[in-house]
Amino acid sequence: MQKLGSALISVYHKDGLEPVVRQLHDLGVKLYSTGGTQTFIEALGIPVTPVETVTGFPSILDGRVKTLHPMVFGGILWRRDRKDDRDTVERFGIPSFDMVIVDLYPFEDTVASGASEEDIIEKIDIGGISLIRAAAKNFAHCWIVSSRNQYAEVLDLLQTQQGSLRMDQRKAFAGAAFQTSQHYDAHIASWTLGQEQPFATLSGPRHALRYGENPHQKAWFVGDLSAQLEQISGKELSFNNLLDVEAALDYCADGNRATVAVIKHNNACGMASRQSLLEAWNAALAADPVSAFGGVIACNQVVDLATAEAMNSLFFEVLLAPGFAPEALELLQQKKNRILVKTKDMAPASHRVRSVLNGVLIQERDYRTDAAEDLRVVTQVAPTVDQVADLLYASAISKHTKSNTIVLVKDQQLIAAGTGQTSRVDALQQAIHKAKSFGMSLKGAVMASDAFFPFPDCVEIAYQEGITAVIQPGGSVKDDLSVQYCDQQGMAMVMTGIRHFKH
């Protein structure tokens, strides 16, 4: 706990400030201030020390320079546990500022009002943003309050903790302050560049793409793509390419042995795991060679010449792999627009962000991949060892596939999937139709569903097509009807208790 002895207050918006100022005064905290805030505090009948008396320098340039002085920033930034810092502030007579309350000029509101460029420039805060960053940096010794939206919380802490604050509390306020700084600077950068910059507060380098999902849409990538991918050849990755690339890497990450995933519109149209990459490619392609045309392919092993020769006859947009044999690379690069990408060993983003209405949704990525220990056998017949392997494989694929989805697998090969359907029955029928279209046998296959079966109709249809085992989360009030049907037909069913919706 660190008790407040002094506070520097310099704000643009005064609403909600009075009770905080009065509470600080009641706690015996010495107040320092500038300009309009100083006048506001004096009008409350509360003593306040003008910053000018500390710096020995008046506010100049129409208020552009008020607090930018070593006497102010030294008082904020000095480290109370360092003897050399203490000696410095004592030698120069620098006062301590244990708390800084500051907000920023209303830049966004000024731009939105249609103000002139001159007026907008004058609302680019310099002293305020500097005070925020200085106090936030020194959160070990200073409490930064960077928004009027925090006043209620500040008042409560002052009243309940009598002017003392824990380190973790000061650090939390510092984090909020840096968010304020980031948001403010992003909007200034957007306006100054004179460019359309949606979601300007997103951090990281911003790269303009050729276009978005369609040629008439503008698009950007925000972040450091080179940290995860090394493009070896081909044209620039497009908006749609990047969406498929992420989907391909997600699918391939859950494969075992040599694995190939073929992606079209973010869903797997082919996927298989085998002893060799060539075998995996042949099996993945067999499920839907039509959709594979123009797709994105991901491999979890170095692409050898034999696999490259087999792939080379197909037109595809992107091939991702942890590496390429020299002779394979030479062959694949003969088509100059083909995008070849080397993947780097980097953990995927921990969260997913999606714009909604006038904001964004943020959620943790679906990090749960069903394992053997998660399976609860609910039927009289238990799945065999081979069936369990296929059930887990199918479940992993369903996790990355658009809901509603049904995934059919046999011998670690995606036979077919129904994707993005409005009913689970539709998804199953789509998968069955696709499997039959390409001559894929469903006899002995297993079925995975991303969510529970509300009725037994899906297991009834599956049995009629030769499917012998089912994996699903369970949780329907009518689970027993599906289980009873499986028991009557000698099918195996396991439940995981984990739903894997993807929208």
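Up top is the structure.
Here the structure is a predicted model, which is why all the values come from computation and not from measurement. (Residues numbered from 1 in each chain as written. Predicted model: local features only at pLDDT ≥ 70, side-chain atom pairs only at ≥ 80, totals over all residues. Heavy atoms only, no water.)

## Looking at the overall build of the chain
How we decide: In DSSP terms, a helix is any run of H or I states spanning at least four residues, a strand is any run of E spanning at least two, and both are numbered starting from the N terminus. We compute the radius of gyration from the C-alpha atoms alone; for a globule the expected value is 2.2 Å times N to the 0.38, where N is the number of residues. Note on exposure labels: buried denotes an accessible area under 20% of the residue type's maximum, exposed denotes more than 50%, and partly exposed covers the range between, all computed with a 1.4 Å probe on protein chains only. Residue contacts are defined here by distance: any two heavy atoms, one from each residue, within 4.5 Å place the two residues in contact. Per-residue and other accessible areas follow the Shrake-Rupley method at a 1.4 Å probe size, with only the shown protein chains counted as cover for residues.
Within the chain one finds 18 helices and 23 strands. For the chain, whose C-alpha radius of gyration is 31 Å, the value lies well above the compact-globule estimate of 23 Å for 503 residues. Considered along the principal axes of its C-alpha atoms, the chain spans approximately 90 × 55 × 50 Å. Each of the 503 residues in the chain was classed as buried or not, and the buried ones make up 48%. Sequence separation of 24 or more characterises 54% of the internal contacts of the chain that already satisfy a separation of 6 or more. Carbon together with sulfur atoms contributes 52% to the accessible area of the chain, which is approximately 24,100 Å² in total.

## Observations regarding the sheet that holds strand β12 (residues 267-274)
Test applied: Pairing between strands is defined by DSSP: at least two bridges between the two strands are required. Helix axes are fitted to C-alpha atoms over the stretch in contact, other axes to C-alpha atoms as well, and angles between N-to-C directions run from 0 to 180 degrees.
The strand order across the open sheet built from 6 strands is β10-β15-β14-β13-β11-β12, with neighbouring strands paired in mixed fashion. Bordering the open sheet on either side are β10 (229-233) and β12, each of which pairs with just one other strand. Neighbour to neighbour, the strand axes of the sheet diverge by 20° on average, direction disregarded. Across 4 bridges, the pairing between β10 and strand β15 (residues 339-343) is antiparallel. Residue pairing across strands places Leu229 opposite Thr343, the latter belonging to β15.

## Looking at the sheet that holds strand β2 (residues 6-10)
One open sheet holds the 5 strands; their spatial order is β4-β3-β2-β5-β6, and the pairing between them is parallel. Each of the sheet's edge strands pairs with one partner strand only, and the pair in question is β4 (49-50) and β6 (143-145). Here strand β5 (residues 99-102) pairs with β6 via 3 bridges, running parallel. Looking across to β6, one finds that Met99 is bridged to Trp143.

## Brief notes about the side chain of Asn267
Structurally, Asn267 is set in strand β12. In this structure Asn267 comes out as buried when scored by relative accessible area, which is 10%.

## Here we look at the pattern of salt bridges
How we decide: By convention in these notes, a salt bridge is any Lys or Arg side-chain nitrogen within 4 Å of a carboxyl oxygen on Asp or Glu.
As enumerated under the stated definition, the model contains 15 salt bridges in all. What emerges from the salt-bridge pattern is a single network uniting Glu246, Asp250, Arg352 and Arg365.

## Considering the packing of aromatic side chains
For clarity, the cut-off: For Phe, Tyr and Trp, where Trp contributes only its six-membered ring, two rings pair if their centres lie within 6.5 Å, and the inter-plane angle classes them as stacked under 30 degrees, edge-to-face over 60, or tilted in between.
One pass over the full model with this rule turns up 7 aromatic pairs. When the ring of Phe107 is compared with that of Tyr184, the centres are 6.3 Å apart and the planes differ by 70°; the resulting orientation is edge-to-face. One end of the pair, Phe107, is in helix α6 (residues 107-112); the other, Tyr184, is in helix α10 (residues 167-193), with 77 residues separating them in the sequence. A relative accessible area of 7% means that Tyr184 is categorised as buried. Ring centres of Phe107 and Trp191 lie 6.0 Å apart, and the angle between their planes is 80°; on these two criteria the pair is classed as edge-to-face.

## Considerations on helix α17 (residues 457-464)
Let me state the cut-off plainly: What the arc describes is the spread of directions from the helix axis to the C-beta atoms.
The set of residues buried in α17 consists of Cys458, Val459, Ile461 and Ala462. Along the long axis of α17, the arc covered by the buried residues comes to 160°, so they all point the same way. Contacts made by the buried residues of α17 are with α16 (424-437), β21 (446-449), β22 (469-472), α18 (479-489) and β23 (492-495). Phi for Gly466, located one or two positions after α17, is positive at around 95°.

## Some points on helix α2 (residues 35-43)
What α2 keeps buried is the set Thr37, Gln38 and Ile41. In a view along the axis of α2, the buried residues occupy a sector of 100°, so they form one face of it. Contacts made by the buried residues of α2 are with β2, α1 (18-26), β3 (30-33), β4 and α3 (51-55). Where α2 terminates, the next one or two residues include Gly45, which has phi positive at roughly 75°.

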